[in-house]
Every structure is written in C-alpha cells, then in structure tokens.
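# Secondary and tertiary structure notes
The lines below spell out each chain.
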Amino acid sequence: MSQEQIQTLLLTHHLTPNKLLGQNFMIDPTLYSKLCEYATLNPSDTVLDVGAGFGFLTCFLSNKCHTVIAVEKDPQFVPILRKNTQDLPNIVIVAGDVLKVQLPKFNKVIAIPPYYLSSQLVMWTIEQNVNATVMIVQKEFAKRLIATVGSEEYSWLTVAVHQQANVTLHNEVPKDKFYPPPEVDSTILCLKPWTKKPFEIKNPGLFIQLTKWLFSERNKKLSKAITPFLRNNLKLDKQAAEKIAQTLPFAERRPRELTPQDFGAILNALPN
C-alpha cells in the first residue's frame, strides 16, 4: 500500500490513474483504523466501500465487519479487485456506478471515494438512512457542510445536510497521503443521523429544490427570489406567487442570511 506498491500494480496491469474518475490511491493505511473508529464499526455491520480500486481498504474492512460491499466503476479495476479479494468470502464486488446499480442492504459507509462524487454521494448516503457515513473528502468540500450563515462556503448543501445529519470533521489528510497526489488536502468526514432532527420539514424533496433555488438567488430578498420558484413548482400565476411570497416568513431577508431552521420554516409555510 506504499507509493511503490501502487506504482508497481499500475505498471503490472498497464494502468494509468484516470483523472476524470478521480483516481487517487491512499498510501497511508494507518488511516483505515481511524475510519473504522469514527464509524464505530463492529462485527455485525455491513459496510459499503465506494471506489474500491485495488481493494486495500476493502480487505481491511473485511476483518472488522460482517460483510463489505465493494463498488468499483472503472471496468479495468474490477477484475483486479476480484482477484485481490478472492480469498475473503465476506466481500461482495459490485461493478458500476454506485448511484445507479442495485446494491445489497448495508448499514454503514466507509470509503475514500473520488472527489467529483462527494456532493451527490453525501446526499445519497443520507437518503439510504445508514447508521454512519465516514469518508475522506476534499477539505474545502467538508468545510461547506459546517459553514456558518453568511460565509462564502454557506450553501444549499450546508442547509440540506444539517437538517438530516450530524456532521463531524476529524483528521486532516495531506495530499501527500495519496498517489498520485490530488491538488488539495482532505479531511475525514463523519455523518450520523440525528437522534432528534433540529427541525422537521413536510416535504424533503421540495426542501432540497427550494434551498438550491434560493441559494442561486442568495443576494436577493426572499420575496423576490422565491416568486419564480412558486410559479414553476406550485403552478401559480405571477400575481398569486407574489402574494404568497410577501406573506412568507423572512420575506425581507436574503437567503444567505437565513439559518437552516429558517429555510425549514419557509418550506412549511408554503401551501400544500
């Protein structure tokens, strides 16, 4: 799992890391135990490993839990992954895009996924209602998930994730822990569902659409920013949409100034 071992494997199999697929291989296996610790991994767990690559993390996990579901998108790596894990009967290999393939049931996610997938993967794992998600992600991406109201990093993703999960950032992971090294440093991200959510919403799907829309108009007053959204999503004429917009909570505030709870109050005030 050293850089030399990764380079040897790549040469042996005539492979070159694919930048488009975000192939940066971890060369510090001491971090694997940290991932398991933060996920409170135990022998009864079934774990999803996204972007399994050569299977080093997959094999480590197999000794710590009941089953590992290892997903790999790159067809060049799948046969190597199968060979490297063939002696471990509790590993299930799935070839394809994790967001599209059929998967067995799992209750935790522990992975070092490609960075391009981070935003989609975070929201997807939350939807799977798992007990814990622990991943290594770009440091700047991780900061977006805990950003404060009004900061440049504060976004729809901050709001949507906060409503669903408790976010904790752990160890920083320097870029030299990977081969080839990415352009930025990383962080270990941990997501666990709230015991009690900070606020409830009546329509989770619409909540995400609403927050995405409002952050695209983050500097406008809410009453102005939300009117086109009401027309498009509630099928209202302009006059009716403007009337509702004026009566919503925080109508004179700007989206970038609103807390996650404020967005929840706005959604819940919309007509059914």
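## Notes on the packing of aromatic side chains
Across all of its chains, the model carries 11 aromatic pairs by this definition. Judged by centre distance (5.0 Å) and plane angle (65°), the ring pair of Phe54 and Phe77 falls under edge-to-face. In this pair, Phe54 is assigned in the loop between strand 2 (46-50) and helix 3 (56-62) and Phe77 in the loop between strand 3 (67-72) and helix 4 (78-84), connecting sequence segments 23 residues apart. Residue Phe54 is classed as buried on the basis of its relative accessible area, which comes to 2%. Every member of this aromatic cluster is reached through a ring pair, and the members are Phe25, Phe54, Phe56 and Phe77. Between the NZ or CZ atom of Lys212 and the centre of the ring of Trp156, over which it lies, the distance is 4.6 Å.

## Digging into helix 2 (residues 30-38)
The set of residues buried in helix 2 consists of Leu31, Tyr32, Leu35, Cys36 and Tyr38. Here the buried residues of helix 2 occupy an arc of 170° about the axis, which is enough to place them on one side. Where the residues of helix 2 are buried, they touch strand 1 (25-26), helix 3, strand 5 (108-111), strand 6 (132-138), strand 7 (165-173) and strand 9 (186-193). Thr40 lies just past helix 2 and shows a positive phi near 45°.

## Section: the nonpolar core
Formed by 53 residues in total, the largest nonpolar core has its most connected members in Leu48, Val161 and Ile226. Those residues in contact with Ile226 that lie beyond four places of it in its chain are Leu210, Trp213, Leu214, Ala245, Leu248, Ile266 and Leu270. Core analysis: the next-biggest nonpolar cluster, separate from the first, contains 28 residues, Met26, Leu35, Tyr38 and Cys65 among them.

## What about the pattern of salt bridges?
For the structure on display, the rule yields nine salt bridges. Taking the shortest distance from any N to any O, the salt bridge between Asp28 and Lys177 comes out at 3.3 Å. With Asp28 in the loop between strand 1 and helix 2 and Lys177 in the loop between strand 7 and strand 8 (178-179), this residue pair connects regions lying 149 residues apart in the sequence. For Asp28, a relative accessible area of 13% corresponds to the buried category.

## Concerning the packing of helix 5 (residues 118-127) against helix 7 (residues 156-164)
Across the interface, helix 5 lies against helix 7 with an axial gap of 11 Å and an inter-helix angle of 20°. Comparing the axis directions of helix 5 and helix 7 gives the class roughly parallel. When the axes of helix 5 and helix 7 are compared, the crossing they make is left-handed. Between helix 5 and helix 7, the contacting residues are Ser119, Val122, Met123 and Ile126 on the first element and Trp156, Leu157, Ala160, Val161 and Gln164 on the second. Looking at the contact of helix 5 with helix 7 residue by residue, the classes come out as seven nonpolar, two polar and no charged.

## Comments concerning the packing of helix 7 against helix 8 (residues 204-216)
Where helix 7 contacts helix 8, the axes come no closer than 8 Å and their chain directions differ by 155°. Judged on the interaxial angle alone, helix 8 and helix 7 are roughly antiparallel. Classified by chirality, the crossing of helix 8 by helix 7 is right-handed. In contact with Trp156, Val159, Ala160 and Gln163 of helix 7, helix 8 contributes Phe207, Ile208, Thr211, Lys212 and Phe215. In terms of residue class, the contact of helix 7 with helix 8 is made up of six nonpolar, two polar and one charged.

Definitions and cut-offs
- Residues numbered from 1 in each chain as written.
- Predicted model: local features only at pLDDT ≥ 70, side-chain atom pairs only at ≥ 80, totals over all residues.
- Heavy atoms only, no water.
- Phe/Tyr/Trp six-rings, centres within 6.5 Å; stacked < 30°, edge-to-face > 60°.
- Helix = DSSP H or I, 4+ residues; strand = E, 2+ residues; numbered from the N terminus.
- Buried < 20%, exposed > 50% of the residue type's maximum accessible area, 1.4 Å probe, protein only.
- Lys NZ or Arg CZ within 6 Å of the ring centre and 35° of its normal.
- Arc of directions from axis to C-beta.
- Contact = heavy atoms within 4.5 Å.
- Core = buried A, V, L, I, M, F, W, Y, C linked by side-chain atoms within 4.5 Å.
- Salt bridge = Lys/Arg side-chain N within 4 Å of Asp/Glu carboxyl O.
- Axes fitted to C-alpha atoms, helices over the stretch in contact; angles between N-to-C directions.
- Parallel < 35°, antiparallel > 145°, perpendicular 65-115°, else oblique.
- Left-handed = near helix turned anticlockwise from the far one by under 90°.
- Nonpolar A, V, L, I, M, F, W, Y, C, P; charged D, E, K, R; others polar.

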